[in-house]
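# A look at the structure
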Amino acid sequence: GAVVSQHPSWVICKSGTSVKIECRSLDFQATTMFWYRQFPKQSLMLMATSNEGSKATYEQGVEKDKFLINHASLTLSTLTVTSAHPEDSSFYICSARAISRGGTEAFFGQGTRLTVV
Amino acid sequence: RKEVEQDPGPFNVPEGATVAFNCTYSNSASQSFFWYRQDCRKEPKLLMSVYSSGNEDGRFTAQLNRASQYISLLIRDSKLSDSATYLCVVNKNDYKLSFGAGTTVTVRA
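Right, let's walk through the structure included here. Bear in mind the structure is a predicted one, so any value in this text is a computation, not a measurement.

## Re the overall build of chain B
Looking only at helices and strands, chain B features zero helices and eleven strands. Mapped from its N terminus to its C terminus, chain B presents α and β elements in the order β-β-β-β-β-β-β-β-β-β-β. For 109 residues, the compact-globule estimate of 2.2 N^0.38 gives 13 Å, and chain B sits close to it at 13 Å. Along the longest, intermediate and shortest principal axes, the C-alpha atoms of chain B span 40 × 30 × 20 Å. For chain B, with 109 residues in total, the buried portion stands at 44%.

## Looking at the nonpolar core
Counting residues in each nonpolar core, the largest one holds 27 residues, and the members touching the most others are V4(A), F28(A), W35(A), F67(A), L79(A), Y92(A) and L114(A). Elements with a contribution of two residues or more to this core: β2 (10–13), β3 (19–25), β4 (32–38), β5 (45–51), β7 (67–73), β8 (76–81), β9 (90–100) and β11 (112–116) of chain A. Broken down by element, this core gets its largest block of residues, four residues, from β9(A). When near neighbours in sequence (up to four residues on either side) are disregarded, F67(A) contacts R37(A), M47(A), Y58(A), V62(A), L79(A), T80(A), V81(A), D88(A) and Y92(A). Ranked by size, the runner-up nonpolar core spans 23 residues in total, among them C23(B), Y25(B), A62(B) and V107(B).

## With respect to the state of the cysteines
Under the defined criterion, the tally for this structure stands at two disulfides over all chains. Between C23(A) and C94(A) runs a disulfide, and the two sulfur atoms are separated by 2.0 Å. With the S-S dihedral at roughly 80 degrees, the linkage between C23(A) and C94(A) falls on the right-handed side. Taken together, the residues C23(A) in strand β3 and C94(A) in strand β9 connect sequence positions 71 residues apart. Note on C23(A): relative accessible area 0%, which makes it buried. Overall, C94(A) belongs to the buried group, its relative accessible area being 0%. Each sulfur of the disulfide joining C23(B) and C88(B) lies 1.8 Å from the other. In this pair, C23(B) is assigned in strand β3 (residues 19–25) and C88(B) in strand β9 (residues 84–91), connecting sequence segments 65 residues apart.

## Some points on the interface of chain A and chain B
Facing the 20 residues of chain A at the interface are 16 residues of chain B. Regarding the contact of chain A and chain B, the summed buried area is about 1,500 Å², with carbon and sulfur atoms giving 56% of it. Broken down residue by residue, the surface that chain A buries against chain B is led by L44(A), R97(A) and F108(A), which jointly contribute 30%. At the junction of chain A and chain B, the tally comes to one salt bridge. The salt bridge involving K96(B) is made with E59(A); its shortest N-O contact spans 2.9 Å. For the interface between chain A and chain B, the tally reads three residue pairs in polar contact (both at pLDDT 80 or more). Going through the elements one at a time, β4, β5, β9 and β10 (103–108) of chain A are the ones with two or more residues in the side of chain A that touches chain B.

## Notes on unusual backbone geometry
Omega for the bond connecting H7(A) with P8(A) falls within 30 degrees of zero, at 0 degrees, which places this linkage in the cis form. As for its placement among the helices and strands, P8(A) is situated in the loop between β1 (4–7) and β2. That bond from G9(B) to P10(B) is cis: its omega, 5 degrees, falls within 30 degrees of zero. For P10(B), the position within the fold is in the loop between β1 (4–6) and β2 (11–14). Backbone geometry at S83(A) places phi at a positive 45 degrees, although glycine is not the residue there. Mapped onto the secondary structure, S83(A) falls in the loop between β8 and β9. A positive phi angle is found at R41(B), which is not glycine, with a value near 65 degrees. Following the sequence through the fold, R41(B) ends up in the loop between β4 (32–38) and β5 (45–50). The class of R41(B) is exposed, set by a relative accessible area of 58%.

Parameters and conventions
- Residues numbered from 1 in each chain as written.
- Chains lettered and ligands numbered in written order.
- Predicted model: local features only at pLDDT ≥ 70, side-chain atom pairs only at ≥ 80, totals over all residues.
- Heavy atoms only, no water.
- Helix = DSSP H or I, 4+ residues; strand = E, 2+ residues; numbered from the N terminus.
- Rg over C-alpha atoms; globule rule 2.2 N^0.38 Å.
- Buried < 20%, exposed > 50% of the residue type's maximum accessible area, 1.4 Å probe, protein only.
- Core = buried A, V, L, I, M, F, W, Y, C linked by side-chain atoms within 4.5 Å.
- Contact = heavy atoms within 4.5 Å.
- Disulfide = S-S within 2.5 Å.
- Buried area = accessible area lost by both parts, 1.4 Å probe.
- Salt bridge = Lys/Arg side-chain N within 4 Å of Asp/Glu carboxyl O.
- Polar contact = N/O pair within 3.5 Å; in protein donor to acceptor, adjacent residues only side chain to side chain.

The following block contains the structure:
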């Protein structure tokens, strides 16, 4: 199947600093990618839809100035958590859709575990 | 009300047992349905799509009931490797996926 690569897989940062997470589609082009956040024992919550060449679309309650999304090419989307605080500690995961033998399937990056101390 | 609701479990079953669980969804306009598997601290991976007529993939059987707006997953002859969290995922026609919180299954030797 298609491969989505996410980096880094984990990061620890100090409160107030910014962290950039990269999401790459390795063997296909993705005009749209999705960024999710998952807290322990909770479901994946969609944060925003990243659109290549245009502004991201944020879900209600997600601060666009805090979670900066850039989708500058058909294979790369980045999420920057600005001025991170301990409550931003979570599992961040990206996704892109690609054609598979079963139809259109969502493929996920490996996720980034962010810990803000 | 959450868009997708699941029994969190955990379901603790012995090897070889059959385990089944459901999820319900709130949006009657939902178009497509999936079961994903998520291992601890890993990304979700597609287990199977769920079709209106029901479908089977090896030991896994999925059913969809549109009238009652629920989806089910049945695992036969469970293996130790089936231990995971199973996510019910629902898609409207705008490519956005809604995830349940997951049902945890633990298969013991």
